[in-house]
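Listed here are the chains, written in short residue letters.
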Amino acid sequence: MGISTPPAAMESLPDEPAATSAAKAMAAPFVTPGFRAGFVLVTAMFFTWALANNLNDILIRQFQKALALSRAEAGFIQFVFYLAYFVWAIPAGLVLRRLGYRAGLLLGLTLYAAGAALFYPAAEVQRYWAFLLALFVLASGAAFLETSANPFIARFGDPSRASQRLTLAQAFNGLGAVVAPTIGGLFIFSGIEHSSGAIAAMPTEQLADYRASEAAMVQGPYVALALFVLLLAIAIAKVRLPAIPRSVDPTSGSARVILRNRQLTGAVIAQCFYVGAQVCVWSYFVDFVKHLLPETPEKTAAYLLSGSLILFMTGRFAGAALMNRMRPTRLLGIFSVINVVLMILAMSFAGGLAVAMLALTSFFMSIMFPTIFALGIRDLGEGTALGSSLIIMAIIGGAVFPPLMGLFSEWTDLQTALLLPLVCFGVVGIFARVAKD
C-alpha cells in the first residue's frame, strides 16, 4: 500500500510567501510522538544496507588478490549487487502494496542475513560464482529494505518535512558507509601484499594457501553481519510503526498515471546516473590511491576511503540543516556543479592532491540520493510504492557504470576514466535545474 498525502501538506499555496511556508514547515513535527522508537529502527536500515554497499568497495580489491581477478572482472561484484535491486524493486513494491511496509522490511532483513551467511561456504569453495550468488541474495534483501524504508520515513512526521527527514535518515547511511571500509581495513585486508612478480614466482601449493587465507578473511565479518541483521529483524517485528492508509482514489496508484509523472521520470534517470557515479568513485577509490601513490598500503588506502565517507556523512547532516534555508533543488544543483569541478581537478592533478579532490566529492554526493528520491515520490499518493520501486530500480546504474569504468581504465588509466562519473554528475545537475520543490 502507498502513502496518501494531501497536496496542501506537501506544497505551499501559490500566493503564500516562501518565508511563511518555510516557517510553517519548521513548526510541523519532525517525528510524530509515539513513533520515535520505530523511526530509530527504520533509520537503522539505512546504516545496515550501507554496510553491504560499501563493503563491496573492499571486496573488489580483496577478490583481486584472493581469486586472481582483473579490475574489470572484480567490477562485476557491483554489477551483480545492483542487478538485484533492478530485479526485485518492482516485486518489492507489490509486496508493500499487498502486505504492508513492515512485511517488506522483515523480508528484506531475512534475505540480507541469508546472503551474508552464504559468504562462509563461498569462502570455503573459493569460487567467484559462489560469492556472487551470496551477494545477489544479500542485495535482494537490501532492495526490499530500500524500497520499504525510504518512503516509510515520510510517514513518521509531517509531509512538509519529508525531504529533511529522509536526508537525516540517509545521514546514518553515511555512517554505515564510513564504518564499512574501516571494518574492511581491520578485518578483511590481511596486510599481506605481494607484487605480481612475487606471486608469479610462488610454488603452486604456497600460492593456493595464500589465496585460501585471503578468501577466508571475509567469513568472520559477514557472519557477524548476518547475526546483527537477524537481531534487527526481531526488533522491527515488535516495534510500533505508523499505519499507511490506502488512497480513496483507486486510479492514483496505477502504472499509467505514475509513468506520466515527469518529475518521477526525471528522478529515475537522475538516480541511475547518480548511483553510477557514486559506485564508480568508491569502488575504485582504493585502486585510485594505489595507482597514484603506489607505496601506500592497502589498509591505509581503506582508511582514506573511510575518511572520504566521513565527509559524506557530514555532508548529509549539513545538508539536512541547509535545507532549513535553501530549496532542495537549488542545493542539489550547487552540489552537482561542485562535483563536476572536483572531477576535473582529480583528473588533472597528480599524487595526493588528486586523491584529495576525489575524496572531497563524497561531501557533495551526500544529499543527492535522498533529495532525488524525495523529489521523485512527491505527491504520488497511492502511487508512492510503485514510484519508490521505480527509483530503486534506477540503482541499476551501480551495476552498469563500474564495469564500464573498469574497462575504460584498462584502455586508458584510472584518472582518465573519471570522465564517466563526471558526466553522471552533470546529469544530476540537469535534473536539479528542471525539478520542482
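Everything here concerns the structure above.
Note that this is a predicted model, so its numbers are computed, not measured.

## A short note on the overall build of the chain
Along the backbone of the chain there are 23 helices and zero strands. Rg of the C-alpha trace for the chain: 21 Å, near the compact-globule value of 22 Å for 437 residues, within the 12% margin. Here the C-alpha coordinates of the chain stretch approximately 75 × 45 × 35 Å along the principal axes. A separation threshold of at least 6 residues defines the contact pool for the chain, and within that pool the share at least 24 residues apart is 86%. Within the structure as shown, the chain displays about 17000 Å² of accessible surface, and the carbon and sulfur contribution to it stands at 69%. Side-chain charges of the chain comprise 28 positive and 21 negative groups, with the mean position of each set lying 12 Å from the other.

## A few points about the nonpolar core
In terms of nonpolar packing, the biggest core is built from 141 residues, with Met45, Phe63, Tyr85, Val218, Tyr222 and Tyr274 touching the most fellow members. A total of 15 residues in this core trace back to one element, the largest contributor, which is helix α3 (residues 36-66). Those residues within four positions of methionine 45 in sequence are excluded, and the remaining contacts are Leu105, Leu109, Leu145, Ala149, Leu232 and Ile236.

## Points about the pattern of salt bridges
Inspection of the entire model under this criterion finds five salt bridges. Note that arginine 61 is salt-bridged to aspartate 287, the shortest N-O span being 2.9 Å. Taken together, the residues span a long stretch of sequence, with arginine 61 in helix α3 and aspartate 287 in helix α15 (residues 285-292) at a distance of 226 residues. Across the pair, aspartate 287 and arginine 61 agree in class, each one buried. A salt bridge links glutamate 298 to arginine 61, with the nearest nitrogen and oxygen atoms 2.7 Å apart. Of this pair, glutamate 298 sits in helix α16 (residues 298-322) while arginine 61 sits in helix α3, placing them 237 residues apart in sequence. Here the two residues glutamate 298 and arginine 61 agree in accessibility, since each one is buried. In this structure, a network of salt bridges that share partners links the residues Arg61, Lys65, Glu214, Asp287 and Glu298.

## Side note on the side chain of serine 306
Relative to the elements of secondary structure, serine 306 occurs in helix α16. Residue classification places serine 306 among the buried residues on the basis of a relative accessible area of 5%. Setting aside anything within four residues of it in sequence, one finds serine 306 in contact with Val178, Pro181 and Thr182.

## Brief notes about the environment of leucine 419
Secondary-structure assignment places leucine 419 in helix α23 (residues 419-434). A C-alpha to C-alpha distance of 24 Å links leucine 419 and glycine 174, two positions 245 residues apart in sequence. Discounting chain neighbours no more than four positions away, the residues touching leucine 419 are Met347 and Phe408.

## Observations concerning the packing of helix α17 (residues 328-348) against α23
Following both chains from N to C, one finds α17 and α23 inclined at 160°, their axes separated by 8 Å at the closest point. In terms of axis orientation, α17 runs roughly antiparallel to α23. Considering only the axes of α17 and α23, their crossing is left-handed. Of the residues in α23, those in contact with Thr329, Leu332, Gly333, Ser336, Asn339, Val340, Met343, Ile344 and Met347 of α17 are Leu419, Pro421, Leu422, Phe425, Gly426, Val428, Gly429, Phe431 and Ala432.

## Side note on unusual backbone geometry
For residues besides glycine, phi is generally negative; the peptide bonds are generally trans as well. One non-glycine residue, alanine 68, adopts positive backbone phi at about 55°. Among the structural elements, alanine 68 can be located in the loop between α3 and α4 (71-74).

## A short note on the packing of aromatic side chains
A full pass over the atoms with the stated rule returns 21 aromatic pairs. Taking 4.6 Å as the distance between ring centres and 45° as the angle between the ring planes, the aromatic pair formed by phenylalanine 46 and tryptophan 49 counts as tilted. Of this pair, phenylalanine 46 and tryptophan 49 both sit in helix α3, three residues apart, which is roughly one turn of that helix. With a relative accessible area of 0%, phenylalanine 46 lands in the buried category. Plain terms: the ring middles of phenylalanine 363 and phenylalanine 364 are 5.0 Å apart, the flat faces sit at 75° to each other, and that makes the pair edge-to-face. Members of the aromatic cluster, connected to one another through ring pairs, are Phe63, Phe119, Tyr128, Phe131 and Tyr222. The side chain of arginine 240 reaches across the aromatic face of phenylalanine 35, ending 4.2 Å from its centre.

What counts as what
Residues numbered from 1 in each chain as written. Predicted model: local features only at pLDDT ≥ 70, side-chain atom pairs only at ≥ 80, totals over all residues. Heavy atoms only, no water. Helix = DSSP H or I, 4+ residues; strand = E, 2+ residues; numbered from the N terminus. Rg over C-alpha atoms; globule rule 2.2 N^0.38 Å. Contact = heavy atoms within 4.5 Å. Areas by Shrake-Rupley, 256 points an atom, 1.4 Å probe, with all protein chains shown as cover. Lys, Arg positive; Asp, Glu negative; His and termini not counted. Charge placed at Lys NZ, Arg CZ, Asp CG, Glu CD. Core = buried A, V, L, I, M, F, W, Y, C linked by side-chain atoms within 4.5 Å. Buried < 20%, exposed > 50% of the residue type's maximum accessible area, 1.4 Å probe, protein only. Salt bridge = Lys/Arg side-chain N within 4 Å of Asp/Glu carboxyl O. Axes fitted to C-alpha atoms, helices over the stretch in contact; angles between N-to-C directions. Parallel < 35°, antiparallel > 145°, perpendicular 65-115°, else oblique. Left-handed = near helix turned anticlockwise from the far one by under 90°. Phe/Tyr/Trp six-rings, centres within 6.5 Å; stacked < 30°, edge-to-face > 60°. Lys NZ or Arg CZ within 6 Å of the ring centre and 35° of its normal.

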